[in-house]
Amino acid sequence: MTLPTAGGSSLLAGAAAGGPSDPLLLGLAVLAVASLLYAALVFRPRTKGGKKGPPIVTSSPVSGLPVVGTIVEFGKSPVKMVQRCYEEYGPVFTVPFFHKRLTFLIGPEAQEPFFKANDETLSQNEVYGFMKPVFGPGIVYDASKKNRQTQFQSMAHGLRTSRLKGYTAKIERETRQYLETWGESGELDLFHALSELTILTSSRCLHGDDVRENLFKEVSELYHDLDQGLTPLTVFFPNAPTAAHKKRNAARAKMVELFAKVIKNRRENPDERHSDGTDILSIFMDVKYKDGSMITDEQVTGLLIALLFAGQHTSCITSTWTSLFILNNPEIAQRIVAEQEGVFAKDADAAVDYKMVNEEMPLLHNSMKEALRLCPPLILLIRQALKDVKVRAAGKDYTIPKGDMVLISPSVGMRIPEVFPNPDAFDPDRFGPGREEDKSSPYAYMGFGGGMHSCMGQNFAFVQVKTILSVLFREFEMAMVSEKMPVIDYAAMVVGPKGDCRVRYKRRR
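Residues numbered from 1 in each chain as written. Predicted model: local features only at pLDDT ≥ 70, side-chain atom pairs only at ≥ 80, totals over all residues. Heavy atoms only, no water.

A.B. asks: Help me out: how do you make sense of the nonpolar core in this one?
C.D. replies: Where a protein is soluble and globular, its nonpolar side chains tend to be buried together. Ranked by internal contacts, the top residues of the largest apolar core, which has 142 residues, are Phe104, Leu105, Trp182, Leu281, Phe284 and Phe309. Counting residues per element, this core draws most heavily on helix H15 (residues 297–327), which supplies 15 residues. (Core = buried A, V, L, I, M, F, W, Y, C linked by side-chain atoms within 4.5 Å. Buried < 20%, exposed > 50% of the residue type's maximum accessible area, 1.4 Å probe, protein only. Helix = DSSP H or I, 4+ residues; strand = E, 2+ residues; numbered from the N terminus.)

Below, the structure written as structure tokens:
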């Protein structure tokens, strides 16, 4: 593209000719292009939405340059920026971000359309396409609508209550085997330990006994490379030729090869005991799409990777935060131990069962919910508006225009004092009888999302984390090494604790 001059040539062509004014002309050309681009960034987002469009945030305390300041501020701390804008602009506002418009909905009333809208109105596919190199083609966000429905149905089938009852025993067994390696006393990084334990228990439930007992080390190493291949750059350039992406691609190919052998062995030797049949791999192997086609081995592997990604970070981060918050609150810690003693009063050595975990540990359950409220692993949930979206909040009506990226922030939305009084305090009793602050609105609590796309694995997560912590708090006396709680690592893709997570422990007699 050239910029014509009065003489019919161009500024860039003139610069190539080598005249004395060439540097000036080239500089003016660059300045003109930059000015046009900047003007587009500043003014283009203002033209959408009409009179009922959300207020546009273009200024920032980080920089005086319109738009540029908010981009830099968002990059430094999305949560702090969203909190500032909520306080200054209200529950609905739009932030220009390069060529995109990010429209935020904060608070239960504003968040309602986000959770109630179907995929034809607010879509995930256009947002999470960067996961295709991790999961593989034709999986979840890259699948057709009908195939995606079938995939989700198979996941839900594998996570239904009847299977959770069987998973409880598996999780307890893995937990006790792992805790045997701790010895009688010592000191360790709890975040690291619970991360290891989470993938052990997940592998037993998701992959089956044959994979857990024979291939676990290889699977966990490949998962690590897949996980490390998801970086902030991935969101914008999922196939950039980086070292992390190359290792990610190699790991996924190797994972497909590994599970293809497992699947082949199971099918060729049906009489051998590969697992007890309750693992989710067994379910995925038999998936049949509505057009009559069978799922491929590569797609089976992709679904397993997707489930492991969805659960690993959430469970290990939440179990760590829950444990540390309990240990940092001595009165709560005493009540947690007393609750466990009450559940196992008749038989201290009784096995953990689903009924115990699901019905008889309300304080542990509410402690986990409170940890998720204070420290949700996902700080932003995103959709793309495929149609104009009507929103009513704080007595005003807004229209979010088609094409906007629509976001909610559990980190900000679950710390609104009008919804959760004293929001920065760890107070699991806020969910108990007589208070039930999470039920003040259908969309007040977002620990596992909500509405049509609430996390289908939340019941598994509760069973997994509560079973692990039930065993942990009954087996060991623990104390934090540091006097301070870790901070939330907002620089991570899935935010966890940043700081000293070490605990001292001593086996109970």
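A.B. asks: Is there a simple way to think about the pairing of strand E2 (residues 100–105) in this case?
C.D. replies: Side chains on a regular strand alternate between the two faces of the sheet. Across the six residues of E2, five count as buried, placing the element largely inside the fold. Of the pairings in the sheet, the one linking strand E1 (residues 92–97) to E2 comprises six bridges and is antiparallel in character. If you follow Thr94 over to E2, its bridge partner there is Thr103. Turn length for the E1-E2 hairpin, with the two strands adjacent in sequence and antiparallel, is two residues, and the turn residue Phe98 shows positive phi of about 55°. Note that E2 and strand E8 (residues 405–408) share three bridges and pair parallel. Residue pairing across strands places Phe104 opposite Leu407, the latter belonging to E8. (Pairing = 2+ DSSP bridges.)

A.B. asks: Teacher, can you tell me more about the packing of helix H3 (residues 68–76) against helix H4 (residues 78–89) here?
C.D. replies: Where H3 meets H4, the closest approach of the two axes is 5 Å, and the angle between their N-to-C directions is 125°. Of the possible angle classes, the one that applies to H3 and H4 is oblique. The segment H3 lies against H4, with Thr70, Glu73, Phe74 and Lys76 engaging Pro78, Met81 and Arg84. Across the contact of H3 with H4, the residue classes break down as three nonpolar, one polar and three charged. (Axes fitted to C-alpha atoms, helices over the stretch in contact; angles between N-to-C directions. Parallel < 35°, antiparallel > 145°, perpendicular 65-115°, else oblique. Contact = heavy atoms within 4.5 Å. Nonpolar A, V, L, I, M, F, W, Y, C, P; charged D, E, K, R; others polar.)

A.B. asks: It is not clear to me how H15 should be interpreted in this structure. Could you clarify?
C.D. replies: Residues that lie three or four places apart on an α-helix share one face, since the helix turns once every 3.6 residues. Its 31 residues give H15 an end-to-end C-alpha distance of 44 Å, which sits within 8% of 45 Å, the value for a rise of 1.5 Å per residue. For H15, the buried fraction is high: 27 of the 31 residues fall into the buried class. (Expected span 1.5 Å × (residues − 1).)

A.B. asks: Can you help me understand helix H8 (residues 161–180) in this one?
C.D. replies: Taking 1.5 Å of rise per residue, the 20 residues of H8 would be expected to cover 28 Å, and the 29 Å separating its terminal C-alpha atoms lies within 8% of that figure. Along H8, the sharpest kink reaches roughly 25°, centred on Tyr167. Listed as buried for H8 are Arg163, Leu164, Tyr167, Thr168, Lys170, Ile171, Glu172, Glu174, Thr175, Tyr178 and Leu179. (Bend = angle between axes of the 7 residues up to and from the residue.)

A.B. asks: Even after reading the chapter, I still don't get the pattern of salt bridges, so can you show me in this structure?
C.D. replies: According to the stated counting rule, one finds 42 salt bridges in the structure shown. Between Arg176 and Glu475 there is a salt bridge whose closest N-O contact spans 3.0 Å. With a gap of 299 residues between them, Arg176 in helix H8 and Glu475 in helix H20 (residues 458–475) connect regions that are remote in the sequence. Take Glu475: its relative accessible area is 22%, and that puts it in the partly exposed class. Where Glu257 meets Lys261, a salt bridge forms, and the shortest distance between an N and an O atom there is 3.8 Å. Highlighted residues: Glu257 and Lys261, both in helix H13 (residues 243–268), separated by four residues, approximately one helical turn. (Salt bridge = Lys/Arg side-chain N within 4 Å of Asp/Glu carboxyl O.)

A.B. asks: Would you explain the environment of Trp321 in this entry?
C.D. replies: Looking at where Trp321 falls in the secondary structure, it is placed in helix H15. C-alpha separation for the pair Trp321 and Leu372, spaced 51 residues apart in sequence, amounts to 8.1 Å. Among residues more than four places away in sequence, those in contact with Trp321 are Ala371, Cys375, Met485, Pro486, Val487, Ile488, Gly496 and Pro497.

Taken by themselves, the reported measurements are silent on function.
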